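# Understanding the architecture of this molecule
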Amino acid sequence: MSKSSYPLDLELPWVEKYRPSKLEDVVGNKDTVKSLQRIATDGNMPHIIISGLPGIGKTTSVLCLARELLGDQVKDAVMEMNASDDRGIEVVRNQIKQFAQKKVALPSGRHKIIILDEADSMTPGAQQALRRTMEIYSNTTRFAFACNMSNKIIEPLQSRCAILRYNKLKDEEILQALKKIINAEKIEATDDGIAALIFTAEGDMRQAINNLQSTYYGFTLVNAENVYKIVDSPHPLKVQKMLTHCINGDFDLAQSILQDLWKKGYSAIDIVTVSFRVIKSMYDVEEDKRLQVIKIIGFTHMRVLEGVATYLQLNCMLSKIAKIAETF
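Read on for a plain summary of the structure. (Residues numbered from 1 in each chain as written. Predicted model: local features only at pLDDT ≥ 70, side-chain atom pairs only at ≥ 80, totals over all residues. Heavy atoms only, no water.)

Here strand E1 (residues 48-51) shows two buried faces, one formed by Ile48 and Ile50 and the other by Ile49 and Ser51. Note: E1 against strand E5 (residues 162-165), four bridges, orientation parallel. Paired with Ser51 across the two strands is Arg165, which belongs to E5. (Buried < 20%, exposed > 50% of the residue type's maximum accessible area, 1.4 Å probe, protein only. Helix = DSSP H or I, 4+ residues; strand = E, 2+ residues; numbered from the N terminus. Pairing = 2+ DSSP bridges.)

Turning our eyes to something else, we now look at the environment of Thr141. With respect to the secondary-structure elements, Thr141 resides in strand E4 (residues 141-147). Among the residues examined, Thr141 registers a relative accessible area of 1% and is labelled buried. Taking the C-alpha atoms as reference points, Thr141 and Leu178, 37 residues apart in sequence, are found 37 Å from one another. In contact with Thr141, not counting residues within four places along its chain, are His47, Ala100, His111, Lys112 and Ile114. A distance of 3.3 Å separates a polar atom in the side chain of Thr141 from a polar atom in the side chain of Thr140. (Contact = heavy atoms within 4.5 Å. Polar contact = N/O pair within 3.5 Å; in protein donor to acceptor, adjacent residues only side chain to side chain.)

Across the interface, helix H14 (residues 268-280) lies against helix H15 (residues 287-305) with an axial gap of 10 Å and an inter-helix angle of 160 degrees. Judged on the interaxial angle alone, H15 and H14 are roughly antiparallel. Handedness of the H14/H15 crossing: left-handed. Contact residues: Ala268, Ile269, Val272, Thr273, Ser275, Phe276, Ile279 and Lys280 in H14; Arg290, Val293, Ile294, Ile297, Thr300, His301, Val304 and Leu305 in H15. Taken together, the residues that form the contact of H14 with H15 break down as 10 nonpolar, four polar and two charged. (Axes fitted to C-alpha atoms, helices over the stretch in contact; angles between N-to-C directions. Parallel < 35°, antiparallel > 145°, perpendicular 65-115°, else oblique. Left-handed = near helix turned anticlockwise from the far one by under 90°. Nonpolar A, V, L, I, M, F, W, Y, C, P; charged D, E, K, R; others polar.)

Structure (structure tokens):
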């Protein structure tokens, strides 16, 4: 079937098409999700802050909670805003306050919900203005903040909220979700392709699903080679080979692989980042040696972030790793 002959609903981005609509369908962070399920059962939602890395289900969980609390009245009783766009004090004084004042007929014990995504991007002034709004309208309106770092939410707001923390998703959890989509979309995918999606996602479910859809539309076949082409990341097997040559003291072979990666256009930060992730799982290397290599890659990463993203810097990293072989 060609892409153009798909029904209209299949044209949705898969992150939206397969977004959970119930709390029980949310992937990972089971203990925290159970806390939200208890809130949904009890019906009395406190102000909450959900913090964690991007793409692990924070906003999705809040939306599922709102649906389970409010049912068909979600459209009238829920306001969702991305605070990274609408983050100034005027937004709090106008849009948020107006919604908090709005009268909606809800069952006893239920409240309107204001969801502020990326809440840690709000200006300190806007957060200060929000304090009074939360106090005045707490009988009718509850706030849910989703943020990457809860320490960027001012202390007075934190003290008014229950704080829930989401951890990075496990590889097995991402694997299960990807397999469901692959089966539903009837995608041809190899084991190494799925492993590549999980490796490049780094615990980010949204990234994994987006990469799956991009690879499928770009190449039809989802294998490791196609995935790494789509995400424009060095193949970890090549990087592993490069590091292995280094650790064995064969600098010339390692340097030739680095040269090949550099010629293909991969940046210093791409190569260093993948090197760091690869060395962590190279358990065949003695632990003492592996820790020394991690230290060298870490220092190189720091220098690259400081602006010294040169080919010479990467060669320096390899030469230092190769020198380790002489001490063991």
